[in-house]
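One letter stands for each residue in the lines below.
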Amino acid sequence: MSAQLDPAYRARAIDALGDTEIDVLVIGGGVTGAGAALDAASRGLSVALVEARDFAAGTSSRSSKLIHGGLRYLEQLDFALVREALKERGLLLNKLAPHLVRPVSFLFPLQHHVWERAYIGAGVALYDTLGGARSVPMHRHLTRSSALGLAPALKDDAMIGAIRYYDAQVDDARHTMMIARTAAQHGATVLTRTKVTGLLRDGEKVVGAKVLDQETGLEHTIRARTVISATGVWTDDMIKMTGVEFPFHVRMSKGVHIMVPRERLNMNTGLIMRTEKSVLFVIPWAEHWIIGTTDTDWGLDKNHPTASAADVQYILDHVNSLLREPLTRADIVGTYAGLRPLMTGANKETSKLSREHAVAEPAPGLFVIAGGKYTTYRVMASDVVDAAAERLGSDVAPSVTENLPILGAVGYADMLGDIAGVAARADLPAAVVEHLLGRYGSLSNEIFDLVAAAPELAQPIAGAEDYIAAEAVYAVTHEGALHLDDLLTRRTRISIEVPDRGLKAAPEIAALIAPHLGWDAERTNAEINKYFDRVHAELAANEAKDDETANAARMVAVS
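Residues numbered from 1 in each chain as written. Predicted model: local features only at pLDDT ≥ 70, side-chain atom pairs only at ≥ 80, totals over all residues. Heavy atoms only, no water.

As recorded by an unreviewed UniProt entry, the protein chain carries the name Glycerol-3-phosphate dehydrogenase and is attributed to Nocardia huaxiensis. Quoted straight from UniProt, the Sequence similarities (unreviewed entry) entry for the protein chain says "Belongs to the FAD-dependent glycerol-3-phosphate dehydrogenase family." Among the UniProt annotations of the protein chain, the heading Catalytic activity (unreviewed entry) holds the following wording: "a quinone + sn-glycerol 3-phosphate = dihydroxyacetone phosphate + a quinol". (UniProt positions renumbered as here; feature names shortened; annotations may be inferred.)

Okay, structure coming up:
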């Protein structure tokens, strides 16, 4: 199978469903599901992954976009989780995805003399040393004047000093999609818009699934020796589908982020601050700052969690407590909300809420992975495939993903070190090449090929000038995008990066991709209108005072 996820790939893959029994069927196209498909395929197993919507359409596109050990988990004395996450951070930075994961610095303002510097400093020092070899710079203690020099946007009395430390960040949706493409390169069949409607049983044993192709309305059967559910906040839906009680459940917690222009805050570092519930991050994101997050229970629509006015005000109130010039709602160019899948036990023995993960086999042949955090997706994937491998037999090879770079990683460092030369050969400005390398790594060569064949694709997209037209075309010819929303929300982040949420860019992008997806004028207009409706529904939800009202406003436009 090719790693080029174009419409022809999808048609071939759909047609081949049901032809033979495969080793592993993975349900769920978030980061853990994509990771499980890659882990299994790279062991030589036959694999199919099915996702009801798009890669990373749920939690995996709506995180804080950090690859981190969880500094605050040290306070909970969860050293094993932090050590594991920091090891994964190092692997992602240095080997697995250096083109998509990069270091980012944070300032931790101190507000109490003596004890706080010693207490936080000791924790950060431990953070620097857990998890093996250091992959980011060591922390530094700063005086108040030094901290204000790094972050003039902060009030003079916002701190008595600070500690600067480093973590890493990632474009979560792109990273998840690239893992799925890497799985395809290793032979997995990866399908979006393919919804599981029921499980196949042979007695009590699960032996596959019935799926609905939501693009055509046709039903298919996939027979599999093992089935892995990596469905995140939809885990309890799988419980209902199996009719078997699981040893754990998943509680949903909503996290909201806002995005403001980079020039609005005069800082040369990110920021982390304590809140009464948890912590709040101010994270540099290209020409923007991501600010969040919240932590509130959510029991409404899983597909479209929404930021309410109360969520936005909570974030503004907390960040403004440290800023010289307060941010207002007028500064916000984008918002997004995601749901954390927090694992909770179904009995007293396993009743603790946790960010750690668990694997269970609630019915023979069905393996469920739940909990965890984005950073440790690879470990979660390996653990659930290990469990499936025990049922498949002793001849299954061990996981190799610790040493398996994802697509775009190999050759990236050489290209980054020669941007001027690469730009000259591609006949593109160096700034454009640098942008492309940070999104595609060495696969940027495929973008260069598109531009060479059609030079007009080198032009910026009107209304989203940080992107060029070739990126829109590439999203549907190589990255599996099937709808306008896939492209504006996940293949790019236009929907949260420009003040109009991509309304101006949408028609141009639709025109670019229509020929490659076989859309006529009616279908193209329908896609544009659907995106417009979604944007207006989200904006209306952002004005709603509470979750219930916001959810109702957002549900006016669902897809």
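After presenting the structure, the write-up continues.
This next bit is on the UniProt feature "domain: Alpha-glycerophosphate oxidase C-terminal" (unreviewed entry) in the protein chain. The UniProt record annotates "domain: Alpha-glycerophosphate oxidase C-terminal" (unreviewed entry) at residues 399-523. The span residues 399-523 is 57% helix and 6% strand, and its two end C-alpha atoms sit 43 Å from each other. (Helix = DSSP H or I, 4+ residues; strand = E, 2+ residues; numbered from the N terminus.)

Within strand β1 (residues 22-27), 6 of the 6 residues are buried, which leaves it mostly tucked inside the rest of the structure. Sheet analysis places β1 next to strand β2 (residues 47-50), joined by 4 bridges and oriented parallel. Within β2, the residue paired with L25 across the bridge is A48. Handedness of the crossover is the feature at issue here: the chain leaves β1, passes through helix α2 (residues 31-42), returns alongside β2, and the resulting connection is right-handed. (Buried < 20%, exposed > 50% of the residue type's maximum accessible area, 1.4 Å probe, protein only. Pairing = 2+ DSSP bridges. Right-handed = clockwise from strand over helix to strand, strands pointing away.)

As a packed pair, helix α15 (residues 484-491) and helix α17 (residues 505-517) sit with axes 10 Å apart at the nearest point and diverge in direction by 115 degrees. Crossing geometry of α15 relative to α17 is assigned as right-handed. Between α15 and α17, the contacting residues are L484, L487 and L488 on the first element and A506, I509, A510 and I513 on the second. The residue inventory of the contact of α15 with α17, partitioned by class, reads 7 nonpolar, no polar and no charged. (Axes fitted to C-alpha atoms, helices over the stretch in contact; angles between N-to-C directions. Left-handed = near helix turned anticlockwise from the far one by under 90°. Contact = heavy atoms within 4.5 Å. Nonpolar A, V, L, I, M, F, W, Y, C, P; charged D, E, K, R; others polar.)

Bringing α17 into the picture now. Along an α-helix, residues three or four positions apart point the same way, because every turn accommodates 3.6 residues. Here α17 contains 13 residues, and its C-alpha end-to-end distance of 18 Å stays within 8% of the 18 Å for a straight helix at 1.5 Å per residue. Helix geometry: α17 is bent most strongly at A511, by close to 30 degrees, with proline P515 lying one to four residues after it. Among the residues making up α17, those that are buried are A505, A506, I509, A510, L512, I513, A514 and L517. Just downstream of α17 lies G518, where phi reads positive at about 70 degrees. (Expected span 1.5 Å × (residues − 1). Bend = angle between axes of the 7 residues up to and from the residue.)

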